[in-house]
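One-letter residues, chain by chain:
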Amino acid sequence: MYMPPRAMGAAQYANVGLHGSIQDATPHALIQMLIDGFIERVNVAKLAMKRGDIALKGHSITRAMTILGGLKDGLDVERGGELAQNLGDLYAYMEQRLFQASASNDDAALDEVLGLMHSIKVAWDAIPPSFHAGRGAEAA
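Now for a description of the structure that goes with this document. Not measured: the values here are computed from a predicted model. (Residues numbered from 1 in each chain as written. Predicted model: local features only at pLDDT ≥ 70, side-chain atom pairs only at ≥ 80, totals over all residues. Heavy atoms only, no water.)

1. Regarding the overall build of the protein chain
- Along the backbone of the protein chain there are five helices and zero strands.
- Overall, the protein chain shows an N-to-C arrangement of helices and strands of α-α-α-α-α.
- Burial status across the protein chain gives 24% buried among its 140 residues.
- Sequence separation of 24 or more characterises 58% of the internal contacts of the protein chain that already satisfy a separation of 6 or more.
- Of the roughly 8900 Å² of accessible surface on the protein chain, 60% is carried by carbon and sulfur atoms. (Helix = DSSP H or I, 4+ residues; strand = E, 2+ residues; numbered from the N terminus. Buried < 20%, exposed > 50% of the residue type's maximum accessible area, 1.4 Å probe, protein only. Contact = heavy atoms within 4.5 Å. Areas by Shrake-Rupley, 256 points an atom, 1.4 Å probe, with all protein chains shown as cover.)

In C-alpha cells form, the structure reads like this:
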C-alpha cells in the first residue's frame, strides 16, 4: 500500500511516541493501553463489517484477538487466584465470540465483546493509584 511521505513521517512519529509511552508506563497503564487498543480494534471491525470490507474486518478482529492473548498471558493465576482464572475464562470466551463474529458477520457478537471489555475497563480504571505500580497494599 502506498503511503505519501508526509503520512509515513507522521506514522513513524506516532510509533516513536507510542514506544516512549509503553517504555515509561506502569503495569496498570500497560493494561489500560491493551484494553483501549482492543476496544478500538473491535470498533474498526464493526465499521468494516458494515462497509463490507472483509480484509479490514478480518485484520481488526485478528488484532483484537492478539490483544486478548496478551491480556491472558499477563494474568498471574497464582497471585490473582479465582479472579485471574475468571478473567482468563472470560478472555477465552471473548476470543470465541470474535471468531464467531468474523465467520458469520455477527455484529451482535462484536457488541457483546465490547460490552464485556467496557465492564472490565470500568473496573480496571477504578483501581486506586496506589496499586498502579504493582506494589499493592504495601504502597498504600
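2. Observations concerning helix 5 (residues 107–125)
- Compared with an ideal rise of 1.5 Å per residue, which puts 19 residues at 27 Å, helix 5 spans 26 Å between its outermost C-alpha atoms and is within 8% of the ideal.
- Looking at helix 5, one finds that the buried residues are Ala109, Leu110, Val113, Leu114, Met117 and Ile120. All buried residues of helix 5 project into a common sector of 135° when viewed along the axis, lining one side. (Expected span 1.5 Å × (residues − 1). Arc of directions from axis to C-beta.)

3. What to know about helix 2 (residues 27–51)
- Taking 1.5 Å of rise per residue, 25 residues should cover 36 Å, and helix 2 covers 36 Å from first to last C-alpha, within 8% of that figure.
- Along helix 2, the positions that sit buried rather than exposed are His28, Ile35, Gly37, Phe38, Ile39, Arg41, Val42, Ala45, Lys46, Ala48 and Met49.
- Buried positions along helix 2 lie against helix 3 (54–73), helix 4 (77–104) and helix 5.
- At the C-terminal side of helix 2, glycine 52 shows a positive phi close to 80°.

4. A few points about the pattern of salt bridges
- A complete count under the given rule lists seven salt bridges for this structure.
- For the salt bridge of lysine 46 with aspartate 107, the shortest nitrogen-to-oxygen distance reads 3.8 Å. Here aspartate 107 lies in helix 5 and lysine 46 lies in helix 2, a separation of 61 residues in the sequence.
- Since its relative accessible area comes to 13%, lysine 46 is described here as buried. (Salt bridge = Lys/Arg side-chain N within 4 Å of Asp/Glu carboxyl O.)

5. Details of unusual backbone geometry
- Its identity as a non-glycine residue notwithstanding, asparagine 105 has a phi of 50°, on the positive side.
- Structurally, the position occupied by asparagine 105 is in the loop between helix 4 and helix 5.
- When its relative accessible area of 46% is taken as the criterion, asparagine 105 is described as partly exposed.

6. Some words on the packing of helix 2 against helix 3
- Closest axis-to-axis distance for the helix 2/helix 3 pair is 8 Å, and the angle between their directions is 160°. By the angle between their directions, the pair helix 2 and helix 3 is classed as roughly antiparallel. Between helix 2 and helix 3 lies a crossing of left-handed hand. From helix 2, Ile31, Leu34, Gly37, Phe38, Arg41, Val42, Val44, Ala45, Ala48 and Met49 reach across to helix 3, where they touch Leu56, Lys57, Ser60, Ile61, Arg63, Ala64, Ile67, Leu68 and Leu71. (Axes fitted to C-alpha atoms, helices over the stretch in contact; angles between N-to-C directions. Parallel < 35°, antiparallel > 145°, perpendicular 65-115°, else oblique. Left-handed = near helix turned anticlockwise from the far one by under 90°.)

7. As for the nonpolar core
- If you look at the biggest cluster of nonpolar residues, it comprises 21 residues, and the most contacted ones within it are Phe38, Val42, Leu68, Leu98, Leu110 and Met117.
- Those residues within four positions of methionine 117 in sequence are excluded, and the remaining contacts are Ile35, Phe38, Ile39, Leu68, Leu71, Tyr91 and Met94. (Core = buried A, V, L, I, M, F, W, Y, C linked by side-chain atoms within 4.5 Å.)

8. A short note on the side chain of lysine 46
- There is a polar contact of 2.3 Å between the side chain of lysine 46 and the side chain of aspartate 111.
- The residues touching lysine 46, leaving out its near neighbours within four places in the chain, are Asp107, Leu110, Asp111 and Leu114. (Polar contact = N/O pair within 3.5 Å; in protein donor to acceptor, adjacent residues only side chain to side chain.)

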